[in-house]
Amino acid sequence: MSNERYVVTVGRQLGSGGREVGERLAQVLGIAYFDRQLLKLASEESGVSSDFFKKADEYKQKFSVRGFFGSRLHPAQPISMGYQNHLDNDSLFSIQSDVIRKLAGERSCLFIGRCADYIMRDNPRCVNLFVMAPHEARLARIKKRHPEYTTHQIERFMQKADRQRAAYYNYYTGKTWGAASSYHLCIDSSLLGVDATVELCRQFIVGRLHL
C-alpha cells in the first residue's frame, strides 16, 4: 500500500446520506475526516469569529463584515493578509481554502463539501465523489431523522439547500454542482444502501490511487 498522502472529497445532496457515507469511508480508509470542524479550524487560523464562517458556509449570499478587525486578527499570518477592514464571502472562502490545503498537505484527508474538489484540483492524488438519491428516498431519510417536520417543510428545506449549495459551488468553481462531469464518481446511495455505497467508493479510490 502506498504511503503517499491523498485526498477524498465528497459532495452530496441533502438527505442522500452523503455525510454518513463520507464519515464511514474515512474510517474504513483510516484517514482524517473534516466537515463542520473546518469552520472552527478556519476561525482559529484567521482569528475571525466562527459565526461568520457558519453564516457563509456553503451559501453564496451577499453580506459583509466591517469594523470587525483589530486585536482578533493576526496580520502576520499569510491567510489573514489583505483583508484589512472588510470581510466578505470571497475572503471567508479564501481563508477556508487555505485551511483545506494546509490539512491536505499534512495528512490524508476526506473533506465533505465546501468546494474541496475544486480547491484540491491541482492535486493528482485527489478523488472527487458525489452522493445523490431520488427525491422520495431523500425525503424519507430526512423524515426518519426529523419526524417533527411535515413533508411540505422538508421538501421546501431540500429545495432551498439544493439551490444554495448549487449557487455556492457553481460560483466558486465555474463547474456545475451535481453534474457527473464535475466529479470522478457519482453514486445513488439509495440503490445499494450506505454500507455497500461506502464499499463501492472504497474500491474505486483504492483502484484509482493504487493504494
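Parameters and conventions
- The residue numbering used here restarts from 1 in each chain and proceeds along that chain's sequence as written.
- Where totals are concerned, whole chains, interfaces and linings use all residues; where local detail is concerned, this predicted model gives features only for residues with pLDDT of at least 70, and gives and counts side-chain atom pairs only at 80 or more.
- The basis for every side-chain value is the complete set of heavy atoms in the structure, and neither hydrogens nor water enter the calculation.
- Only DSSP runs of H or I with at least four residues qualify as helices, and only runs of E with at least two residues qualify as strands; both kinds are numbered from the N terminus onward.
- Here a residue-residue contact requires only that any non-hydrogen atoms of the pair lie within 4.5 Å.
- Note on areas: Shrake-Rupley with a 1.4 Å probe; residue coverage comes only from the protein chains shown.
- For Phe, Tyr and Trp, where Trp contributes only its six-membered ring, two rings pair if their centres lie within 6.5 Å, and the inter-plane angle classes them as stacked under 30 degrees, edge-to-face over 60, or tilted in between.
- Exposed residues in this analysis have more than 50% of their type's maximum accessible area, buried residues have under 20%, and partly exposed residues fall in between, with area computed by a 1.4 Å probe over protein chains only.
- Distance and angle both matter: a charge sits over a ring if NZ of Lys or CZ of Arg is within 6 Å of the ring centre and within 35 degrees of the ring normal.
- Between any two strands, at least two bridges found by DSSP are needed for them to pair.
- To get an axis, a line is fitted to the C-alpha atoms, and for a helix only the part in contact is used. The angle between two axes follows their N-to-C directions and goes from 0 to 180 degrees.
- Working definition of a nonpolar core: buried Ala, Val, Leu, Ile, Met, Phe, Trp, Tyr and Cys residues. They are joined through side-chain atoms within 4.5 Å.
- In this scheme, roughly parallel covers angles under 35 degrees and roughly antiparallel covers those over 145, while 65 to 115 is roughly perpendicular and the rest are oblique.
- As a working rule, the residues Ala, Val, Leu, Ile, Met, Phe, Trp, Tyr, Cys and Pro are called nonpolar, Asp, Glu, Lys and Arg charged, and the rest polar, with Gly in that last group.

**A closer look at the overall build of the protein chain**
No. 1: From N to C terminus, the protein chain includes nine helices and seven strands.
No. 2: Sequence separation of 24 or more characterises 69% of the internal contacts of the protein chain that already satisfy a separation of 6 or more.
No. 3: For the protein chain, the exposed surface amounts to about 10900 Å²; the carbon and sulfur share of it is 50%.

**Comments concerning the packing of aromatic side chains**
No. 1: Using the criterion set out here, one finds eight aromatic pairs in the structure.
No. 2: Here F93 and Y172 contribute two aromatic rings whose centre-to-centre distance is 4.0 Å and whose plane-to-plane angle is 10°, an arrangement assigned as stacked. Here the residue F93 occupies a position in helix 4 (residues 89-106), and Y172 occupies one in helix 7 (residues 151-173), the gap between them amounting to 79 residues.
No. 3: What makes F93 buried here is its relative accessible area of 11%.
No. 4: The buried category is assigned to Y172, whose relative accessible area is 10%.
No. 5: An aromatic cluster is present here, built from F93, Y168, Y171 and Y172 joined pairwise through their rings.
No. 6: Lying across the ring of Y118, R121 places its NZ or CZ 3.9 Å from the centre.

**Examining the sheet that holds strand 1 (residues 7-12)**
In sheet architecture, strand pairing relies on hydrogen bonds along the backbone and comes in two forms, parallel and antiparallel.
No. 1: The strand order 2-5-1-6-7 describes an open sheet built from five strands, whose pairing is parallel. In this open sheet, the two edge strands, each paired with only one partner strand, are strand 2 (32-34) and strand 7 (185-188). Adjacent strand axes in the sheet meet at a mean angle of 20° when their direction is disregarded.
No. 2: Alignment of strand 2 against strand 5 (residues 109-112), held across three bridges, turns out to be parallel. Bridged to F34 within strand 5 is F111.
No. 3: Contacts from helix 4 reach strand 1, strand 2 and strand 5 within the one sheet, and its direction differs from that of strand 5 by about 155°.

**Observations regarding the nonpolar core**
No. 1: Counting 25 residues, the largest nonpolar core has F34, L38, I100, L103, F111 and M120 as its most contacted members.
No. 2: Elements with a contribution of two residues or more to this core: strand 2, helix 2 (37-46), helix 4, strand 5, helix 5 (116-119), strand 6 (126-132) and helix 7.
No. 3: Ranked by residues supplied to this core, first place goes to helix 4 with six residues.
No. 4: Contacts of I100, omitting those with residues within four sequence positions, involve L38, F111, R114, A116, I119 and M120.
No. 5: Counting residues in hydrophobic clusters, the runner-up holds 22 residues, among them L29, V127, L209 and L211.

**Thoughts on the packing of helix 4 against helix 7**
No. 1: The geometry of helix 4 relative to helix 7 is characterised by a closest axis approach of 12 Å and an angle of 75° between their N-to-C directions. Relative to helix 7, helix 4 is oriented roughly perpendicular. Residue-level inspection shows N89, D90, F93 and Q96 of helix 4 in contact with helix 7, the latter providing Y168, Y171 and Y172.
No. 2: Split into classes, the residues belonging to the contact of helix 4 with helix 7 amount to four nonpolar, two polar and one charged.

**Quick notes on the packing of helix 2 against helix 4**
No. 1: The contact between helix 2 and helix 4 brings their axes to 9 Å, and the two run at 100°. As summarised for this structure, helix 2 and helix 4 are arranged roughly perpendicular, according to the angle between their axes. Packed against helix 2, whose contacting residues are L38, L39, L41, A42, E45 and S46, the element helix 4 presents I95, Q96, V99, I100, K102 and L103 at the interface.
No. 2: Per-class residue counts for the contact of helix 2 with helix 4 are eight nonpolar, two polar and two charged.

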